[in-house]
Amino acid sequence: MDKKLPPNHEHVDDDMIKLEVNLDNMSGEWLGYVMDLLFDAGANDVYYTPIYMKKNRPAVLLQLLCSKHKLDKMKEILFAETTTLGLRYYPLTVHRLERIFTEVITQWGKVTIKEGIFAGESVQRSPEYEDCRRIAEEHGVPLKKVYEEVWKEINNR
């Protein structure tokens, strides 16, 4: 199981594949299971979108992003674990920002902040959800209040 994360420096991945499949006869439980398998096999991203297929049948569009060398494994999982008879895939380039991790201190404890850097400039900031969730649960505080406090600390820097 290869769970190697992409490097934190800004870079462009030219060897990526976007793979997609329409599924109109699978239960939501199976979809969750398949998502876990795909992530465990090294997919960078997996997501579902509700769609309508011919004869106005409700369905799900499963899309995933993976490196080119993992394509065969992704196909193997999708053909074995879903009801699809075919899939689509195409090459894709991904531009990833540099990532910097810092911390802010709230009245309830530390929260990790992920920052995205583009051409040397900070362009994205985001509190780590799991830290905020832990604080909310441990201190009986609404999650949105934790986020408000974190953003206040970020903006006071």
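Not measured: the values here are computed from a predicted model. (Residues numbered from 1 in each chain as written. Predicted model: local features only at pLDDT ≥ 70, side-chain atom pairs only at ≥ 80, totals over all residues. Heavy atoms only, no water.)

Novice: Can you help me understand the nonpolar core in this one?
Specialist: Nonpolar side chains tend toward joint burial in soluble globular proteins. Ranked by size, the top nonpolar core spans 20 residues in total, and within it Leu19, Leu38, Leu62, Leu64, Met74 and Leu78 carry the most contacts. Put simply, the parts of the chain that give this core at least two residues each are β1 (11-23), α1 (28-40), β3 (57-67) and α2 (71-81). Those residues in contact with Leu78 that lie beyond four places of it in its chain are Leu19, Val21, Val34, Leu38, Leu62, Leu64, Thr84 and Leu87. Counting 11 residues, the second largest nonpolar core, distinct from the first, contains Val111, Ile113, Val141 and Ile154. (Core = buried A, V, L, I, M, F, W, Y, C linked by side-chain atoms within 4.5 Å. Buried < 20%, exposed > 50% of the residue type's maximum accessible area, 1.4 Å probe, protein only. Helix = DSSP H or I, 4+ residues; strand = E, 2+ residues; numbered from the N terminus. Contact = heavy atoms within 4.5 Å.)

Novice: Mind showing me how you'd approach the sheet that holds β1 here?
Specialist: Think of a sheet as strands paired side by side through backbone hydrogen bonds, with each pair either parallel or antiparallel. In spatial order, the strands read β2-β3-β1-β4; together these 4 strands make up an open sheet with antiparallel pairing. Strands with a single pairing partner mark the edges of an open sheet, and in this sheet they are β2 (45-53) and β4 (88-96). The average undirected angle you get between the axes of adjacent strands in this sheet is 30°. Here β1 pairs with β4 via 8 bridges, running antiparallel. Its bridge partner being in β4, Glu20 is matched across the sheet by Arg88. Packing against the sheet, α1 makes contact with β1, β2 and β3, and its axis sits at approximately 145° to β2. (Pairing = 2+ DSSP bridges. Axes fitted to C-alpha atoms, helices over the stretch in contact; angles between N-to-C directions.)

Novice: Could you clarify how one ought to interpret α1 in this entry?
Specialist: Given 3.6 residues per helical turn, the α-helix brings residues three or four places apart onto the same face. Given a rise of 1.5 Å per residue, 13 residues ought to cover 18 Å, and the 19 Å separating the end C-alpha atoms of α1 matches this to within 8%. When we look at burial in α1, the residues that qualify are Leu31, Val34 and Leu38. In a view along the axis of α1, the buried residues occupy a sector of 65°, so they form one face of it. Two residues or fewer past α1, Gly42 is found with a positive phi of approximately 110°. (Expected span 1.5 Å × (residues − 1). Arc of directions from axis to C-beta.)

Novice: Got a minute to help me understand the side chain of Ser67 in this structure?
Specialist: Here Ser67 lies in strand β3. At 3.1 Å, the side chain of Ser67 and the side chain of His69 are in polar contact. Excluding anything up to four places from it in sequence, Ser67 contacts Asp15, Met16 and Asn44. (Polar contact = N/O pair within 3.5 Å; in protein donor to acceptor, adjacent residues only side chain to side chain.)

Novice: Just checking my understanding: could you explain the packing of helix α3 (residues 129-139) against helix α4 (residues 143-155) for this structure?
Specialist: Helix-helix packing is described using two parameters, namely the angle between the two axes and the distance between the axes. Running from N to C, α3 and α4 point in directions that differ by 120°, and their axes come no closer than 9 Å. In this view, α3 runs oblique relative to α4, as classed from their interaxial angle. Read as a crossing pair, α3 and α4 show a hand that is right-handed. Where α3 approaches α4, its residues Tyr129, Cys132, Arg133, Ile135 and Ala136 are matched on the opposing element by Leu143, Val146, Tyr147 and Val150. Split into classes, the residues belonging to the contact of α3 with α4 amount to 8 nonpolar, no polar and 1 charged. (Parallel < 35°, antiparallel > 145°, perpendicular 65-115°, else oblique. Left-handed = near helix turned anticlockwise from the far one by under 90°. Nonpolar A, V, L, I, M, F, W, Y, C, P; charged D, E, K, R; others polar.)

Novice: Just checking my understanding: could you explain the environment of Lys70 for this structure?
Specialist: Positionally, Lys70 belongs in the loop between β3 and α2. The class of Lys70 is buried, set by a relative accessible area of 12%. Spatially, the C-alpha atoms of Lys70 and Asp14 are 14 Å apart, while their sequence positions differ by 56 residues.

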